[in-house]
Amino acid sequence: MEAIHNDGWKISGCPVNGPTLAANRDGIGIAWFTAPNGETQVNFIMTKDLGNSFTKIMKLNDKEALGRVDITTFDNNFLVSWIEIDDQKCNLVMREITQMGKLSNKYSVDEIPCDRSSGNPKIEVYEKMLFVTWTITGAGIESRWLELGSLFR
């Protein structure tokens, strides 16, 4: 067994930002947060042959990221979510990645606490809807149902 990608990111401690993966009928998508040399990145890679080869790594974020990545599938494409920092605020954002490696525009779900109290937001598809949920300290759980048909178009 070998690493999918050697980012060169070294941390002293237990990370809260683990990788995540999802499979569809054509392959497996893997998303992860990394911060080599202090540059935060949310990366995505895909395999169509059970890990014998991988596509080129795609960086999904265009602003500073906190990570806390999740992934699911819809219409044989991948949906990846993460927390991103914009003007000292944090936002839960997501992108769709097609089987051909095309990235959608970024979609902002909502502002979210920057600290660890927001937990690890989760996304899941049910029929033609996307369920998104995260924690709000003192308020409980926040969630959204989003219609997938028009989300990234």
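Residues numbered from 1 in each chain as written. Predicted model: local features only at pLDDT ≥ 70, side-chain atom pairs only at ≥ 80, totals over all residues. Heavy atoms only, no water.

1. Points about the sheet that holds strand β10 (residues 129-136)
As summarised here, the arrangement of the 3 strands in space is β9-β10-β11, forming an open sheet in which the pairing is antiparallel. Since the sheet does not close on itself, it has two edges, and those belong to β9 (122-126) and β11 (140-147), each with one partner. Averaged over all pairs of adjacent strands, the angle between strand axes in this sheet comes to 20°, irrespective of strand direction. With 5 bridges joining them, β9 and β10 adopt antiparallel strand pairing. Across the sheet, residue I123 finds its bridge partner in β10, namely V132. (Pairing = 2+ DSSP bridges. Helix = DSSP H or I, 4+ residues; strand = E, 2+ residues; numbered from the N terminus. Axes fitted to C-alpha atoms, helices over the stretch in contact; angles between N-to-C directions.)

2. Details of the layout of surface pockets
The calculated volume of the largest pocket comes to roughly 340 Å³. Every residue lining the largest pocket is counted, 15 residues in all, and those nearest its centre are H5, D7, P19, W32 and F33. Its residues placed into classes, the lining of the largest pocket shows 8 nonpolar, 6 polar and 1 charged. (1 Å grid on protein atoms, 1.4 Å probe; cavity = no way out; pocket = protein on both sides within 12 Å on 5 of 7 lines; lining within 4 Å. Points joined across faces, edges and corners; volume = space filled by probe spheres on them. Nonpolar A, V, L, I, M, F, W, Y, C, P; charged D, E, K, R; others polar.)

3. Points about the packing of aromatic side chains
Enumeration over the complete set of coordinates arrives at 2 aromatic pairs. For the ring pair F44 and F78, a centre distance of 5.5 Å and an interplane angle of 50° mean the geometry is tilted. Pair noted here: F44 is in strand β3 (residues 41-47) and F78 is in strand β6 (residues 77-86), with a separation of 34 residues, a long-range link. Consider the rings of F131 and W145, whose centres lie 4.9 Å apart with planes at 50°: the pair is tilted. Residue F131 is located in strand β10, and its partner W145 is located in strand β11; the two are separated by 14 residues in the primary sequence. (Phe/Tyr/Trp six-rings, centres within 6.5 Å; stacked < 30°, edge-to-face > 60°.)

All quantities given are derived from atomic positions and should not be read as evidence of function.
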